[in-house]
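# Residue-level structural notes
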Amino acid sequence: MRSTAIYRSIRTLAYEPDPDEGPWQEDLHVLRLGEGLHQELMRRQERSRSGQPYLPLSQLHSLLRAWAPGVLATSSNAGTDGQLPWLYAREPVPLEVLAPLIGTWADTLAADQDEVDLEEELWSEDEAAPLALPGWETERIDLTETIVSPGGTAEPLSRLYRLLPEAVAFRLAGAPFRTEGGSLHFRVVSSGTGGVHLVSWPPLRYERRKQTWYYSALLTVTVHTVSFAPRFRVHVATGVRRWASVLDIPRWKLGGATVLLDTPLPWPEGRDEGYRLMVNALGYDWSSKEVTWKRRSPALLLPDVDITRRFPEPEDLFTSPEKWLNGRQDVAAGIVYHPVLGPHEVGAGLMPRERAGLDTWIEQRLSPVLRRVADLSRVTRRNTPSLLPRSARWSEPGSREAQQALARRSALKRALGGRPLEVEIRWQSPQTRDALLAALPKMIGLAPGSRTDEDGAISWTADGVRIVVRARPAGALASALRVPTDRKRRLAVRLADAVAERCDLVAEADDGTHGGVSLVIVEIAGKAHFASVPDSDPKHALRLAHGRQGRLTQFINLPESGTAPLEHRANWTWLDVFRQLGAISPPAHRAGAGIPGNLQYAALWLVRHTKDGPTRSAGRRLVAVRVRADSDSGSIEGWDVGRSEWVSYPDLLLSLAKTDTMVSTDLEREIRTVLFQLRDRPTLLLVNSGNLRQCWPRLRNGALTPDMLAFGAGPQQRLAAYGNDLRMVLLRDENGRGEVPEWYAHDEAGGVGFSEGVWALSDDPRNRVFASTGSTPPTAARPRGLRKLAPVKGSRTAPGTTAWNPRLLEVTVLGCGSSEPSADRPVDWATLTHQLRYHDDYPPLAYPLPLHLAQLAKEYVLPLAPREGRGARLGASAPDALA
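Notes on the structure in this doc start here. What you see is a predicted model; the values in this text were computed from it and never measured.

### Description of the overall build of the protein
Of the regular secondary structure elements, the protein holds 21 helices and 42 strands. Here the C-alpha radius of gyration of the protein, 29 Å, is about what a compact globule of 883 residues would show, namely 29 Å. When the backbone C-alpha atoms are referred to their principal axes, the protein occupies close to 90 × 65 × 60 Å. Surface summary for the protein: the accessible area is close to 37,700 Å², and the carbon and sulfur share equals 49%. Positive and negative side-chain charges of the protein, numbering 109 and 104 respectively, have mean locations separated by a distance of 7 Å.

### Here we look at the nonpolar core
Formed by 79 residues in total, the largest nonpolar core has its most connected members in Trp574 and Phe578. Setting aside anything within four residues of it in sequence, one finds tryptophan 574 in contact with Val423, Leu436, Ala439, Leu440, Met443 and Ile521.

### Overview of helix α17 (residues 667-676)
Here α17 has its buried residues at Leu667, Glu668, Glu670, Ile671, Val674 and Leu675. Along the axis of α17, the buried positions cluster into a sector of 155°, meaning they face one direction only. Turned more than 90 degrees from where α17 packs its buried face, Arg669 and Phe676 sit exposed.

### Some thoughts on the environment of histidine 197
Within the fold, histidine 197 resides in strand β12 (residues 196-200). Once you skip the residues sitting within four places of it in the chain, histidine 197 turns out to touch Arg187, Val188, Val189, Leu218, Leu219, Thr220 and Arg241. One polar contact links histidine 197 to threonine 220, side chain to side chain, over a distance of 3.0 Å.

### Comments concerning unusual backbone geometry
Residues tryptophan 201 and proline 202 are joined by a peptide bond in cis, for which omega reads 5°. For proline 202, the position within the fold is in the loop between β12 and β13 (204-208). The amide bond that connects serine 367 to the next residue, proline 368, takes the cis arrangement and shows omega of 5°. Summarising the element assignment, proline 368 is placed in the loop between α9 (352-366) and β20 (370-372). A positive phi is found at glutamine 329, a non-glycine position, where the angle reads about 60°. Within the secondary structure, glutamine 329 is located in the loop between α8 (321-325) and β19 (332-335). On the basis of relative accessibility, which here comes to 79%, the residue glutamine 329 falls in the exposed class. For aspartate 707, which is not a glycine, the phi torsion comes out positive at approximately 65°.

### Section: the sheet that holds strand β6 (residues 137-142)
What the four strands build is an open sheet, ordered β4-β5-β3-β6; its pairing is antiparallel. Looking at strand neighbours, the two that pair on one side only are β4 (71-74) and β6, the edges of this open sheet. The average angle at which neighbouring strand axes cross in this sheet is 40°, direction not considered. When β4 meets strand β5 (residues 85-89), the two strands line up antiparallel, connected through three bridges. Opposite valine 71, over in β5, you have alanine 89 as the bridge partner. Sheet strands in contact with helix α5 (residues 160-173) are β3 (25-32), β4, β5 and β6, and its direction is about 155° off that of β4.

### A short note on the packing of aromatic side chains
Here the distance between the centres and the angle between the planes together describe a pair of aromatic rings. In the structure shown here, the tally under the stated rule is 13 aromatic pairs. Ring geometry for tryptophan 201 versus tryptophan 243: centroids 5.5 Å apart, planes at 80°, classification edge-to-face. A residue pair is termed long-range when its members are at least 10 positions apart, and tryptophan 201 in the loop between β12 and β13 and tryptophan 243 in strand β15 (residues 233-243) qualify at 42 residues. By the burial criterion, tryptophan 201 is buried, and tryptophan 243 matches it. Ring pairs connect the aromatic residues Phe177, Phe186 and Trp361, which therefore count as one cluster. Residue placement shows arginine 433 over the ring face of tryptophan 427; its charged tip is 4.7 Å from the ring centre. Over the aromatic face of tyrosine 860 sits the side chain of arginine 543, whose NZ or CZ is 4.7 Å from the ring centroid.

### Some thoughts on helix α3 (residues 95-107)
With 13 residues, α3 should reach 18 Å at 1.5 Å per residue; the first-to-last C-alpha distance of 18 Å fits that figure. Among the 13 residues of α3, ten are classified as buried, and the element is accordingly described as predominantly covered. Residues Val97, Leu98, Ala99, Pro100, Leu101, Ile102, Gly103, Thr104, Trp105 and Ala106 constitute the buried set of α3. Where α3 is buried, its residues contact β3, α1 (35-47), α2 (58-67), β5, α4 (118-122) and α6 (302-305).

### Topic: the pairing of strand β36 (residues 743-746)
Here β36 shows no split at all, with Trp743 and Ala745 on one side and Tyr744 and His746 on the other all buried. In the sheet, strand β1 (residues 9-12) pairs with β36 via four bridges, with the strands oriented antiparallel. In the strand pairing of β36, threonine 12 is matched with tryptophan 743. Looking at chain direction, β36 and strand β37 (residues 752-753) are connected through two bridges and run antiparallel. When the bridges of β37 are listed, histidine 746 appears paired with valine 752. Adjacent in sequence and paired antiparallel, β36 and β37 are bridged by five residues, among which glycine 750 carries a positive phi angle near 90°.

### Regarding the environment of serine 755
Locating serine 755 in the fold gives a position in the loop between β37 and β38 (757-760). For serine 755, a relative accessible area of 1% gives the class buried. In this structure the C-alpha to C-alpha distance between serine 755 and threonine 615, which are 140 residues apart in sequence, comes to 40 Å. A polar contact is formed between the side chain of serine 755 and the side chain of arginine 378, at a distance of 3.0 Å.

### Focus: the sheet that holds strand β16 (residues 257-262)
An order of β18-β17-β16-β19 is seen for the four strands of this open sheet, with the pairing classed as antiparallel. The sheet is open, and its two borders are formed by β18 (290-293) and β19, each paired with just one other strand. Averaged over all pairs of adjacent strands, the angle between strand axes in this sheet comes to 30°, irrespective of strand direction. Pairing between strand β17 (residues 278-285) and β18: four bridges, direction antiparallel. If you follow glycine 283 over to β18, its bridge partner there is threonine 292.

Calculation criteria
Residues numbered from 1 in each chain as written. Predicted model: local features only at pLDDT ≥ 70, side-chain atom pairs only at ≥ 80, totals over all residues. Heavy atoms only, no water. Helix = DSSP H or I, 4+ residues; strand = E, 2+ residues; numbered from the N terminus. Rg over C-alpha atoms; globule rule 2.2 N^0.38 Å. Areas by Shrake-Rupley, 256 points an atom, 1.4 Å probe, with all protein chains shown as cover. Lys, Arg positive; Asp, Glu negative; His and termini not counted. Charge placed at Lys NZ, Arg CZ, Asp CG, Glu CD. Core = buried A, V, L, I, M, F, W, Y, C linked by side-chain atoms within 4.5 Å. Buried < 20%, exposed > 50% of the residue type's maximum accessible area, 1.4 Å probe, protein only. Contact = heavy atoms within 4.5 Å. Arc of directions from axis to C-beta. Polar contact = N/O pair within 3.5 Å; in protein donor to acceptor, adjacent residues only side chain to side chain. Pairing = 2+ DSSP bridges. Axes fitted to C-alpha atoms, helices over the stretch in contact; angles between N-to-C directions. Phe/Tyr/Trp six-rings, centres within 6.5 Å; stacked < 30°, edge-to-face > 60°. Lys NZ or Arg CZ within 6 Å of the ring centre and 35° of its normal. Expected span 1.5 Å × (residues − 1).

Here you go:
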């Protein structure tokens, strides 16, 4: 399960201002909309169909970035104030370029045909004219300008989050990435949201199964801070961008696909000619019953700006994507691949050696304005907790597998507390039923003689554990939801009706024979089976329905081609069952003698659902989990907000399923309440800062101070104010926006790969920020020397291989609670946090086990829209409805 590769250091794809070279300054040209033009555009916007109180500039910005040579970045704030900077350019863009682009876009705002021809008004050479654009202003901008917070964290000026990624991207696109096997030229793809992509263009080709598959190298540039670091960071993530050459779906299933357009400029070449690709969206329009450009795609405006060229029509692009990917005359278009579009033979991800090659090239291109962040060194050899040793034969009594089974049974006994476990298997295929029944006794080491069969039930009794299993056909319970089609009502309300119907069906099928701790395993079809009818997957409805009956739920998919072996899936189903029952605990740590023996772990996770969530209803819910791993009182519990007490983990899950409305109004108050309930013994609090800072803004890096906490607008307080023995660790992952850098391990002999461990930039005992990397599972191991981007002598080109890369988890020891130096070594608490990612039953977890459990509780956080005129809440049992 664990890699044996040992490296002394790892290298991140992170870059920082070089203090030895001074600031990175650029003379940029700045343009404002001007008050007159802003007011005219706002007047048109207010009369438009949307009537929004701000200018929807995204479409114009995409057009300007692609077709206005020299434009480096745009500001979203310009839509609210005409005096704010709007465009930043490497050279002034002529009025003959800006006027038709702005005029064409402004015509889309007009509510009627009687509007003034804005393009003609913009041509005025008199800057005092009401609608004239102000002149360009030159400003020397420091792209590395930094503000240091009171806690010692360097933060870039806010505008640099947009400007700097663009400047870095253009610097990288200015020269090709060369290898022994060829060269890759990159094009800039700006989203306008703070990050910038670069894709190699034209796409690479891979011939397989009598078809050509297309892909490109992908770089993503973002700007970030690191707690207490004296310089901010630029991260460059690497990967593969795959392109769709065949759309193997009906038109109506195309909800929205990203399309990148490569079009020449319709006017004389500028400084950045050929550097950008234009971002658009293609999708099915239900009103016109055809494939169209999505609203605000700049492709809608191209025929009005350049009447000499033929641009792809949406229908032609849908039916012949490969034709446009290879280009028609001097126009090309690529549909970004997504799994919903069908299979793709090019695997995701890059190998570590190719990442290392790109890193060297990036470092060269960014020098001298930015330098690579120094390598991180290993700070401990205690990479794992006390895990069971491997053994050659699992059948031996003392084998690892036998010890695992015994440990699971012991954890299950503790979690059940003398109560029987009632399991109902709702199956669709006899093979799945039989696999589940065969796997259970093996997973917890039950001897054949412990099984009895009577009254349609199978039971096992051993060492104080009693499990009763009933297997019944799933029938209509696992069928697709019937969501009403009345579009006059909100989808969330119609989906709530469908959920209520399934709740009634489950209640009717419940014979009431279950007692003790009860759980249902339901065999359902995979997501693809329900894709033809949106929102018809019954998984969430079944979880709510059984939860309202006081029963936990676990799912297993029907056997299908391409899925893992059934025995493997059955084993993992039972492991998930044990986890939901709270029958799991962290192995004994090896982090050092300074860790208190009676330490408990606590974790917080904020579950956030938008209107695009599983139930189409928005909601927020704070989940708090407490884990006590000592032998006498080992337990996993959750904080029940309604009862204001700690309850067992399964009871926490059921309480979440029984709550329709999940909008917490004062989450910071809830957090303080939980902290107060942890004061009875030494506690390590684990928090994902990216997850929680939306409701706890003082977790932002720039607001942090070592050993201090703050809420709302209140003053900072010593961590000890919330408990004398409280320690707190902030964890940060990629968070969907590159917040932590990619990495690879290397050695002096030129070796490149991955390695597990705890790492830091410094061995200073006062250092608070560390990196945790896990091992590579055997299923993800790949032969050395594989490459995807360009063949090199002595290497194997394997575009079809999926590259699995272990994620780096940033560990910030925010607070150490004890005043004794021996117990306050931050490296010990970082090591403990890292070891909590390991368990005998799992590959290294993405988060420490307590936080992993808190995050997975989100499966039961399923807010529902109120049903119109329906009275009692959905699926409530009779006593609940009357209460």
